[in-house]
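Examination of the molecular architecture
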Amino acid sequence: MILVLAFVLSVAYLLSPFLPSLFVGKGYDEATIKKMHIVGHRGGASLGLENTLSCIERGIEAGADAIEVDIHLTKDGQLLVCHDQTVDRTTNGKGKICDLTLAEIQQLKVVDTDGRQTEEHLPTLDEVLTLVDGRCQLLVEIKRTGTLYQGIEQKTIDEIRRHDAEAWTVMQSFNDSVLENLHALDPKVRLEKLIVAKFTGLPVILDVGLTRFSFEKYCYVASFNVFSRALSQSFIDAAHAHGKEVKAWTLEDVASAPSWPVDGIITNRPDDWKK
């Protein structure tokens, strides 16, 4: 009986970060949305094929304040824009990005959600920076885990500097070591910390695992970008009290989104949020 009770309590605690969203109001009014930073997730993935140049262009045209993309390193050390670690889901090819050269990946075509081949390709960060060119902010998520993509932080900063894009480029990651490396390489770069959930009453967050959390630890981070279903008023208030922003991901329908008083929204539908 004691073991069962302990199990139930443990499960309840693990679910506790997700409970406040059940009781918050729904929807945002126009005046509130105008004050928020609207980020097109994966370029604005409901507007086209995610993380492609055409989708990014549509996200910019929809009025997104920022476009978010994900980057990986190819076998020959090139920065590739793609969400997954493999090309399996989004192209007509197979394999891990880290095992393929850029030339091999450029032979592939992006497929749509029905698996039909298109004329789109997976772009490089260089191509994305050239396309965006300061027309809005670019939020770059570095997907490094463990020993994968060693050196990606320096390559990313070098590419941003080559495009003279420091003023309009921001970087985010779930991975603390990525953020720490970026901050050491360039303390002026704006960094944002991705979080799945913050556990109540304990200095612990869920990101790539269970990670120690304190605002002092993340003093160099400008924004905490949190899964919208795991936000709480107390976390938002505490972040604001420490001079930090909070963004919610990934919100779609304006009318049914939990109405947290956040500073930004990361969404596949920047067109709906900017109407």
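Data block above holds the structure.
Described in the following lines is the structure provided in the data block. Sequence positions are assigned chain by chain, starting from 1 and proceeding in written order. For this predicted model, a pLDDT threshold of at least 70 governs which residues receive local features, and a threshold of 80 or more governs which side-chain atom pairs are given and counted, while totals over whole chains, interfaces and linings are taken from all residues. Each side-chain value is worked out from all heavy atoms of the structure, with water and hydrogens disregarded.

Considering the environment of Pro-270
Positionally, Pro-270 belongs in helix 9 (residues 270-274). Separated by 93 residues in the primary sequence, Pro-270 and Ser-177 have C-alpha atoms spaced 30 Å apart. For Pro-270, the residues in contact, after removing those within four places along its chain, are Ile-38, Gly-40, Gly-44, Leu-47, Gly-59, Ala-62 and Ala-64. Think of it this way: any DSSP run of H or I at least four residues long counts as a helix, any run of E at least two long counts as a strand, and we number them from the N terminus. Contacts were defined at the residue level, with two residues in contact if any of their heavy atoms lie within 4.5 Å.

Overview of the packing of helix 6 (residues 152-162) against helix 7 (residues 176-185)
Look at helix 6 against helix 7: their axes get within 9 Å of each other, and the N-to-C directions meet at 50 degrees. Classified by the angle their axes make, helix 6 and helix 7 are oblique. When you trace helix 6 past helix 7, the crossing you get is right-handed. Contact with helix 6, carried on its side by Glu-153, Gln-154, Ile-157 and Arg-161, involves Ser-177, Val-178, Asn-181, Leu-182 and Leu-185 of helix 7 and no other residues of that element. Every axis corresponds to a line fitted to the C-alpha atoms, with the helix fit spanning only the stretch in contact, and the corresponding angles, defined between N-to-C directions, vary from 0 to 180 degrees. Here the angle decides the label: under 35 degrees means roughly parallel, over 145 means roughly antiparallel, 65 to 115 means roughly perpendicular, and every other value means oblique. We call a crossing left-handed when the near helix sits turned anticlockwise from the far one by less than a right angle, and right-handed when that turn is clockwise.

A closer look at the sheet that holds strand 7 (residues 197-198)
Through backbone hydrogen bonds, the strands of a sheet pair up, either in parallel or in antiparallel fashion. The sheet built from three strands is open, its strands ordered 7-8-9 with antiparallel pairing. Two strands bound the open sheet, and with one partner strand each, they are strand 7 and strand 9 (210-212). Any two strands are treated as partners once DSSP identifies two or more bridges connecting them. Pairing analysis gives three bridges linking strand 8 (residues 204-206) to strand 9, with the strands arranged antiparallel. Bridging across to strand 9, Ile-205 finds its partner in Thr-211.

A short note on the packing of helix 5 (residues 125-132) against helix 6
Following both chains from N to C, one finds helix 5 and helix 6 inclined at 35 degrees, their axes separated by 10 Å at the closest point. Of the two possible hands of crossing, helix 5 and helix 6 adopt the one that is right-handed. Residues Leu-125, Asp-126 and Leu-129 of helix 5 form the contact with helix 6, whose participating residues are Thr-156, Glu-159, Ile-160 and Arg-162.

Structural notes on helix 8 (residues 233-241)
A simple rule labels every residue: compare its accessible area, found with a 1.4 Å probe on the protein chains alone, to the largest value its type can have, and call it buried under 20%, exposed over 50%, or partly exposed in between. Along helix 8, the residues classified as buried are Phe-235, Ile-236 and Ala-239. Burial along helix 8 is one-sided: seen end-on, the buried residues are contained in an arc of 100 degrees. Looking at helix 8, the residues exposed on the side facing more than 90 degrees away from the buried face are Ser-234 and Ala-241. On its buried face, helix 8 is in contact with strand 6 (190-195), strand 7, strand 10 (223-227) and strand 11 (245-249). Gly-243 lies just past helix 8 and shows a positive phi near 75 degrees. Think of the arc as the fan of directions from the helix axis to the C-beta atoms.

None of the figures reported here should be taken as evidence of function without further support.
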